[in-house]
Amino acid sequence: MTPHTILTFNALVFGLFGLIFIVAPLEAALFVTGGAPEIPSAIIDMRATYGGTFLGIGVLFFIMNRQSGTQKPGLIALILILAGMAFGRITGFILDGNPNWVMYLFLVY
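In what follows, the accompanying structure is described. (Residues numbered from 1 in each chain as written. Predicted model: local features only at pLDDT ≥ 70, side-chain atom pairs only at ≥ 80, totals over all residues. Heavy atoms only, no water.)

Structural notes on the overall build of the protein chain
Next, step 1: Looking only at helices and strands, the protein chain features five helices and zero strands.
Next, step 2: Mapped from its N terminus to its C terminus, the protein chain presents α and β elements in the order α-α-α-α-α.
Next, step 3: By its C-alpha atoms, the protein chain is 45 × 30 × 15 Å across when sized along the principal axes.
Next, step 4: Relative to its 109 residues, the protein chain shows a buried fraction of 28%.
Next, step 5: When contacts within the protein chain are restricted to residue pairs at least 6 apart in sequence, those whose partners lie at least 24 apart make up 63%.
Next, step 6: Roughly 7,100 Å² of accessible area belongs to the protein chain as shown, and the carbon and sulfur atoms make up 73% of that amount. (Helix = DSSP H or I, 4+ residues; strand = E, 2+ residues; numbered from the N terminus. Buried < 20%, exposed > 50% of the residue type's maximum accessible area, 1.4 Å probe, protein only. Contact = heavy atoms within 4.5 Å. Areas by Shrake-Rupley, 256 points an atom, 1.4 Å probe, with all protein chains shown as cover.)

What about unusual backbone geometry?
Next, step 1: Positive phi is not limited to glycine here, since Asn98 has a value of about 55°.
Next, step 2: Position of Asn98 relative to the elements: it lies in the loop between α4 (68–96) and α5 (101–108).
Next, step 3: Residue Asn98 is classed as exposed on the basis of its relative accessible area of 76%.

Regarding the environment of Leu95
Next, step 1: Mapped onto the elements, Leu95 comes out in helix α4.
Next, step 2: Through-space distance from the C-alpha of Leu95 to that of Phe14 is 26 Å; in sequence the pair is 81 residues apart.

Structural notes on the packing of helix α1 (residues 3–23) against helix α2 (residues 25–33)
A packed helix pair is summarised by two numbers, namely the angle formed by the two axes and the spacing between the axes.
Next, step 1: Contact geometry of α1 with α2 gives a least axis separation of 5 Å together with a crossing angle of 120°. Relative to α2, the element α1 is oriented oblique. Contact residues: Phe17, Ile20, Phe21, Ile22 and Val23 in α1; Pro25, Ala28, Ala29 and Val32 in α2.
Next, step 2: In the contact of α1 with α2, the residues fall into nine nonpolar, no polar and no charged. (Axes fitted to C-alpha atoms, helices over the stretch in contact; angles between N-to-C directions. Parallel < 35°, antiparallel > 145°, perpendicular 65-115°, else oblique. Nonpolar A, V, L, I, M, F, W, Y, C, P; charged D, E, K, R; others polar.)

None of the figures reported here should be taken as evidence of function without further support.
Dropping the structure here:
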């Protein structure tokens, strides 16, 4: 796979994930975790944290993918973001236990 393909794919994945959480946070949370918050501030925070952050990361990868000089830093950023998410997920597996299949899918990603 080329850096261009990797960044394009991840720009789409992060962007789509972000849009889904902005547009339908409760449905997205139910799919990912099996539960969803009911308090308005918690829903707003999900839109911002999951939706906004992931959408922003997707746009960042799209921008970094436009020039060959920024593709390598984009790939490094992608590795660091995915490694951080994997670390947090594995920590959750150990401390919280009983993950659903979506958690394993995200870990493999």
